[in-house]
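Structural characterization, general
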Amino acid sequence: MEVFAPGRVNLIGDHTDTTGGLVLPMAIDLGTTISGRAGGDRVVLRSAEEPDPAVVPLDVTEPAAMEPGWARYVAGVVAELRPSAGFDGNVTTTLPVGAGLSSSAALEVAVALALGFEGTALDLAHLTRRAEQQASGVPCGIMDQLASAAGVEGHALLIDCDALTVDPVPVPDGVEVRVVHSGQSRTLAGSAYAERTASLAEAEGVLGPLRLLAVDRPEVALDSAAVADLVAPLTDPVLRRRARHVLTENARVRVFADALRRLDLPALGPLLAASHTSLRDDFEVSTPVLDALVERLVATPGVLGARLTGAGFGGCVVALTEPGALEEGWRVHAGPGAHRLA
Ligand code: GLA
């Protein structure tokens, strides 16, 4: 048995999935492969990247307490899937770990397939999202796992995280997608991510569902006076900024996907720039290192635009470029979703 699950890069739409908003990730041609065979009463996986194997009994009860740390993700999947047989195998990955390219989602999705998961890509995403939450304690949205499960070669995925629809959008031939690591690890992401999610729940307690306010009205959400009116009932200026990020980011995803479809490449850069600014100033998940990297990349000839991608607090920047404009980082292609190889 051999399975592959890709990582993902999010082109635009960050911190919108937990409130049922829009995201535009693509599964990439970097990912995680597991090979081995079913049997026994525990899941044993060895990884060339890790000194110690993951050894998980089929009746594991506390995935978050497992050691070594990477075994938690394996254990989260075992706890959600409860396979009838164990597994013995090897994990290899071409993804940088902890860089914002969803290495943990790729591992979870690959483990689920290796352990015999049967069902739709959406079912696989639901199961592995719960596994991630159990393993890490982070109240993550569904974007990463769904992008890994439902990837379409040559396409980004416009995902409505409320309706849970996946609408493939072709990535034009003239556009290269590059991912550049800031060099900053994301060890603080856990608690800050949960705090941001809690702020959005608080804002929705006053305003109602944020997605209903703007997802289908990008013209409203991109008009700063109209957005100021929408968030005015929030008395706390921090909550107002958090809500404003989500409202405007949802609109940018919709407009960006339309521009990609129309091959309107000059429209992409300003939307990426506005997304980064909003994540920096309103959602406050950027860092000076990420800001400097984005600034340097967008000043490079042939770069259409760049922004931090994923949760933030470090990790990677995504840049869209004319062919050959950038040499640094990884040139990634939109690849297929998770699948069995043999
Ligand atoms: C992490 C989470 C996702 C999403 C992004 C930010 O990757 O796992 O659900 O919230 O952050 O867009």
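On the secondary structure map, Val253 appears in helix α9 (residues 237–261). Separated by 38 residues in the primary sequence, Val253 and Val215 have C-alpha atoms spaced 9.3 Å apart. In this view, Val253 contacts Ile12, Gly13, Leu22, Val23, Leu24 and Leu158; residues no more than four positions away in its chain are not counted.

Think of two packed helices as two axes; the pair is described by the angle between the axes and how far apart they sit. Look at helix α3 (residues 121–136) against helix α4 (residues 143–150): their axes get within 8 Å of each other, and the N-to-C directions meet at 140 degrees. Put simply, α3 runs oblique to α4. Handedness of the crossing formed by α3 with α4: right-handed. Contacts between α3 and α4 involve Ala121, Leu122, Leu124, Ala125, Thr128, Arg129 and Glu132 from the former and Gln145, Leu146, Ala149 and Ala150 from the latter. When the residues that make up the contact of α3 with α4 are grouped by side-chain class, the tally is seven nonpolar, two polar and two charged.

This brings us to the site of the ligand. The immediate surroundings of the ligand are formed by Arg8, Asp14, His15, Asp17, Cys140, Gly141, Met143, Asp144, Tyr193, Gly310 and Ala311. Between the ligand and the protein, one listed contact pairs an oxygen atom with a side-chain N or O atom of Arg8 at 3.2 Å. Gly141 places a polar main-chain atom, nitrogen or oxygen, 2.9 Å from an oxygen atom of the ligand. Contact with the protein chains removes 94% of the 310 Å² of surface that the ligand exposes when unbound.

So, about the pairing of strand β7 (residues 165–170). As judged from the six bridges shared by strand β6 (residues 155–160) and β7, these two strands associate in the antiparallel manner. The partner of Leu158 across the bridge, within β7, is Asp167. Counted along the chain from β6 to the antiparallel partner β7, the turn is four residues long, and its residue Leu164 has a positive phi close to 60 degrees.

Our focus in this paragraph is the side chain of Ser286. With respect to the element layout, Ser286 can be found in the loop between α10 (268–281) and α11 (288–298). Residue contacts for Ser286: discarding those within four places in its chain leaves His276, Leu279, Arg280, Asp291 and Leu308.

Another aspect to go through is unusual backbone geometry. With an omega dihedral of -10 degrees, the bond running from Glu67 to Pro68 counts as a cis peptide bond. The residue Pro68 is located in the loop between β4 (54–57) and α1 (71–81) in this model. Phi at Leu164 takes a positive value of approximately 60 degrees, unusual for a residue other than glycine. Positionally, Leu164 belongs in the loop between β6 and β7.

Further remarks concern the pattern of salt bridges. Within the structure shown, the criterion is met by 17 salt bridges. Arg46 serves as the salt-bridge partner of Asp88, at 2.5 Å between the closest nitrogen and oxygen. Linking Asp88 in strand β5 (residues 87–93) with Arg46 in strand β3 (residues 42–47), this pair joins segments that are 42 residues apart in sequence. Residue classification places Arg46 among the partly exposed residues on the basis of a relative accessible area of 36%. Among the charged side chains, a network of salt bridges with common partners joins Asp14, Glu249, Arg252 and Arg307.

Each value, and the rule that gives it
- Residues numbered from 1 in each chain as written.
- Predicted model: local features only at pLDDT ≥ 70, side-chain atom pairs only at ≥ 80, totals over all residues.
- Heavy atoms only, no water.
- Helix = DSSP H or I, 4+ residues; strand = E, 2+ residues; numbered from the N terminus.
- Contact = heavy atoms within 4.5 Å.
- Axes fitted to C-alpha atoms, helices over the stretch in contact; angles between N-to-C directions.
- Parallel < 35°, antiparallel > 145°, perpendicular 65-115°, else oblique.
- Left-handed = near helix turned anticlockwise from the far one by under 90°.
- Nonpolar A, V, L, I, M, F, W, Y, C, P; charged D, E, K, R; others polar.
- Near = heavy atom within 4 Å.
- Polar contact = N/O pair within 3.5 Å; in protein donor to acceptor, adjacent residues only side chain to side chain.
- Areas by Shrake-Rupley, 256 points an atom, 1.4 Å probe, with all protein chains shown as cover.
- Pairing = 2+ DSSP bridges.
- Salt bridge = Lys/Arg side-chain N within 4 Å of Asp/Glu carboxyl O.
- Buried < 20%, exposed > 50% of the residue type's maximum accessible area, 1.4 Å probe, protein only.

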